[in-house]
Amino acid sequence: MYYSIELLFDDSSQEIIRNLWSGLSDAGINDFMNLSNADPHISLVILDTDEINNVIRIAEDYFSTVKQFEITFDSAGSFPGDEGVVYISPVITEHLLGVHKGLLEKLSQYSQNIWGYYRVGKWSPHCTIALKIEKKKMPHAFEFVRENFTPFTAAVTGMEIVTLPECEVLKMMELNP
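Quick summary incoming for the structure in this document. (Residues numbered from 1 in each chain as written. Predicted model: local features only at pLDDT ≥ 70, side-chain atom pairs only at ≥ 80, totals over all residues. Heavy atoms only, no water.)

Along its 16 residues, helix 1 (residues 11-26) runs 22 Å from first to last C-alpha, staying within 8% of the 22 Å computed at 1.5 Å per residue. Within helix 1, burial applies to Ser13, Gln14, Ile17, Leu20, Trp21, Gly23 and Leu24. On its buried side, helix 1 packs onto strand 1 (2-9), helix 2 (32-35), strand 4 (86-90), strand 5 (127-130), helix 5 (138-148) and strand 6 (152-164). One or two residues past the end of helix 1 sits Gly28, with phi positive at roughly 75°. (Helix = DSSP H or I, 4+ residues; strand = E, 2+ residues; numbered from the N terminus. Expected span 1.5 Å × (residues − 1). Buried < 20%, exposed > 50% of the residue type's maximum accessible area, 1.4 Å probe, protein only. Contact = heavy atoms within 4.5 Å.)

Here is the structure:
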């Protein structure tokens, strides 16, 4: 089964992202994220494992040492291929990369289970705004984000571990202030 370990944001940042999700839905462009069970997030790791309870324990131990921090979302983009993804990206800081690398080090026994895009040196931190956009609607999705996205600073206040694709929350915890 697939799982995602995710960073969560403060309430006002979640509202900004949810407004983008609902705006795309209301405009008839894409409603995938708006209808999903997902919380606005940045995925640090996606992995396939039968040992999720051990992964949860490792993540809890690691995140008990991580303090809340800020990131600034300042750009939007898309990944190549047919997945139809539009996202917003934070400024990549040493601290954000350190949180990612630290988690991967703690999960080293599962390194072969981690999706390639989430490994050190390959990870592109992002917050998905739309997924599975029809090819003909991609230009409209970009135009919507361009017109409605304003850079903002988010507080990273928590983490969660969810099942994929259902987004069932298995563990959620606040980061230390």
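All right, on to the environment of Thr49 then. For Thr49, the location among the structural elements is in the loop between strand 2 (41-48) and helix 3 (52-63). Sequence separation between Thr49 and Gln112 is 63 residues; the distance between their C-alpha atoms is 9.9 Å. If near-sequence neighbours (up to four positions away) are discounted, Thr49 is found in contact with Met1, Tyr3, Val55, Tyr110 and Asn113. Within the local environment of Thr49, its side chain forms a polar contact with the backbone nitrogen of Glu51, the two atoms lying 2.9 Å apart. (Polar contact = N/O pair within 3.5 Å; in protein donor to acceptor, adjacent residues only side chain to side chain.)

Taken as a whole and judged by the stated rule, the model has six aromatic pairs. A ring pair is formed by Tyr2 and Trp115, whose centres lie 5.5 Å apart and whose planes are at 75°; its orientation type is edge-to-face. Taken together, the residues span a long stretch of sequence, with Tyr2 in strand 1 and Trp115 in the loop between helix 4 (94-106) and strand 5 at a distance of 113 residues. Put simply, the rings of Phe9, Phe73, Phe149 and Phe152 pair up and form one aromatic cluster. (Phe/Tyr/Trp six-rings, centres within 6.5 Å; stacked < 30°, edge-to-face > 60°.)

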